[in-house]
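# Overview (structure and organization)
For reference, the chains in residue letters:
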Amino acid sequence: MGRIGVDLGGTKIEAALMAADGHVIRRTRRPTPAGDYPATLTLVADLVKELEAGHGSACRVGIGHPGAVSPATGLIKNANSTCLLGQDLKTDLEARLGREIRLANDADCFALSEAVDGAAAGTSPVFGVILGTGVGGGVVVDGKLLHGPNAIAGEWGHNPLPGGTGDELPGPPCYCGRHGCIETFLSGPGLLADHLRATTSTDGPAGEPAASAATPASAEEVVALAAGGDREAGDSLRRHELRLARALASVINIIDPQVIVLGGGLSKIDSLYDNVPRLWSPFIFSDHVATRLVPPRHGDAGGVRGAAWLWPA
Ligand SMILES: [Zn+2]
């Protein structure tokens with residue numbers, strides 16, 4: 001039986017038909033009907049049917065989604081796509097598709113994809129990290145996702161940034177209600193906001209960026225400025241690398257991963273893979289650190305591939 005993975009994102013919904021060997025046969029994507037839960041269900045069902053029509057038979061379906069299914073209630077929690085919050089996504093999609101489906105957090109799906117046949121294949125434990133609009137993570141041990149009683153394994157993005165000092169405290173406010181979460185520093189918007197705070201003129205009105213020909217509008221632009229030799233953008237990238245090193249060191253101390261795979265938009269920053277492991281040793285309780293930090297093998301297909309891998313061969 002074929003396998004279909006669906007990545008239910010905040011801006012797009014992507015689905016892929018995957019062969020038994022992990023080869024993606026066909027992918028399709030549409031914009032997410034933002035804020036419209038019934039339309040989201042319909043679109044997921046339509047994408048599955050579209051892929052099945054090309055395949056010629058029914059498939060097993062796995063869904064990667066923001067947040068988690070609460071073991072206490074069966075309803076979606078922790079999702080930044082708020083129209084999913086409190087919904088019985090599993091039951092509702094099973095009703096639309098007429099079969100049992102499997103669900104997992106989107107970062108968990110990314111981690112599973114890279115652990116099964118990606119950049120961390122053949123290693124264990126694996127910590128898969130999403131550094132994008134948000135910061136998430138998943139843990140794979142011996143090829144299987146780590147599941148705990150709260151369905152939050154690997155969710156390091158809402159821990160406080162370790163070793164915060166000076167103006168890192170109490171840290172920026174987070175949508176989760178706390179301050180100084182790892183996500184508020186290490187996400188794409190977090191990196192941009194940190195750069196803008198650091199380059200804000202002390203002479204101008206509060207919150208106004210300094211007059212400059214180089215005021216970036218995204219984390220990618222900060223990185224591009226740094227690559228072009230902009231000193232302040234370079235400083236911002238160095239702060240980001242040290243914070244990522246501190247944050248990953250605390251994960252290494254707990255689960256001792258063989259490989260950490262980065263995903264999400266910021267995983268494209270090449271300097272992370274050399275600089276962060278050079279910085280993390282002082283924060284790790286070990287004489288030698290063998291953990292490797294690597295880029296993803298499957299790029300942005302990790303979400304749909306991991307969702308399909310929720311059904312083992
Ligand atoms: Zn938070």
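Here's what I pulled together on the structure shown here. (Residues numbered from 1 in each chain as written. Predicted model: local features only at pLDDT ≥ 70, side-chain atom pairs only at ≥ 80, totals over all residues. Heavy atoms only, no water.)

## A few points about the overall build of the chain
Condition: Helix numbering and strand numbering both begin at the N terminus, where a helix is a DSSP run of H or I of at least 4 residues and a strand a DSSP run of E of at least 2. Relative accessibility under 20% of the residue-type maximum defines a buried residue, over 50% an exposed one, and the middle range a partly exposed one, all with a 1.4 Å probe and only protein chains included. Residues are treated as being in contact if the distance between any of their heavy atoms lies within 4.5 Å. Every accessible area reported is derived by Shrake-Rupley at a probe size of 1.4 Å, with residue values counting cover from the shown protein chains alone. Think of it this way: Lys and Arg go in the positive column, Asp and Glu in the negative one, and His and the chain ends go nowhere. Note that the charge is assigned to NZ on lysines, CZ on arginines, CG on aspartates and CD on glutamates.
Scanning the chain from N- to C-terminus turns up nine helices and twelve strands. Taking the principal axes of the C-alpha coordinates as reference, the chain spans close to 65 × 45 × 40 Å. Every one of the 313 residues in the chain was classed for burial, and the buried ones make up 49%. Restricting the contact set of the chain to residue pairs at least 6 apart, pairs at least 24 apart contribute 62%. Surface summary for the chain: the accessible area is close to 14200 Å², and the carbon and sulfur share equals 54%. Of the side-chain charges in the chain, 26 are positive and 34 negative, and the distance between the mean point of each set is 6 Å.

## Let's talk about the nonpolar core
Under the convention used in this document: We define a nonpolar core as any set of buried Ala, Val, Leu, Ile, Met, Phe, Trp, Tyr and Cys residues linked to one another through side-chain atoms lying within 4.5 Å.
Among the nonpolar cores identified, the biggest contains 36 residues, and W156, L248 and W280 are the most heavily contacted of them. Mapped by element, the contributors of at least two residues to this core are β8 (126-131), β9 (135-141), α4 (182-186), α5 (188-198), α6 (219-227), α7 (231-255), β11 (259-263) and α8 (271-280). Counting residues per element, this core draws most heavily on α7, which supplies nine residues. Other than its neighbours up to four places away in sequence, W156 contacts F127, V129, L131, V135, G136, G137, I182, L186, L244, A247, L248 and V251.

## Re the packing of α5 against α7
When two helices pack together, their arrangement is given by the angle between their axes and by how far apart the axes lie. As a reminder, the rule being used: Comment: axis = line fitted to C-alpha atoms, over the contacting stretch for helices; angle = value between 0 and 180 degrees taken between N-to-C directions. For this classification, under 35 degrees means roughly parallel, over 145 means roughly antiparallel, 65 to 115 means roughly perpendicular, and everything else is oblique. Crossings are sorted by hand: turned counterclockwise from the far helix by less than a right angle, the near helix makes the crossing left-handed, and turned clockwise it makes it right-handed.
Two elements in contact, α5 and α7, have axes whose closest approach is 10 Å; the angle formed by their N-to-C orientations is 130 degrees. For the element pair α5 / α7, the angle class is oblique. Here the hand of the crossing between α5 and α7 comes out right-handed. Where α5 abuts α7, its residues L191, D194, H195 and A198 lie against E232, A233, S236, R239, H240 and R243.

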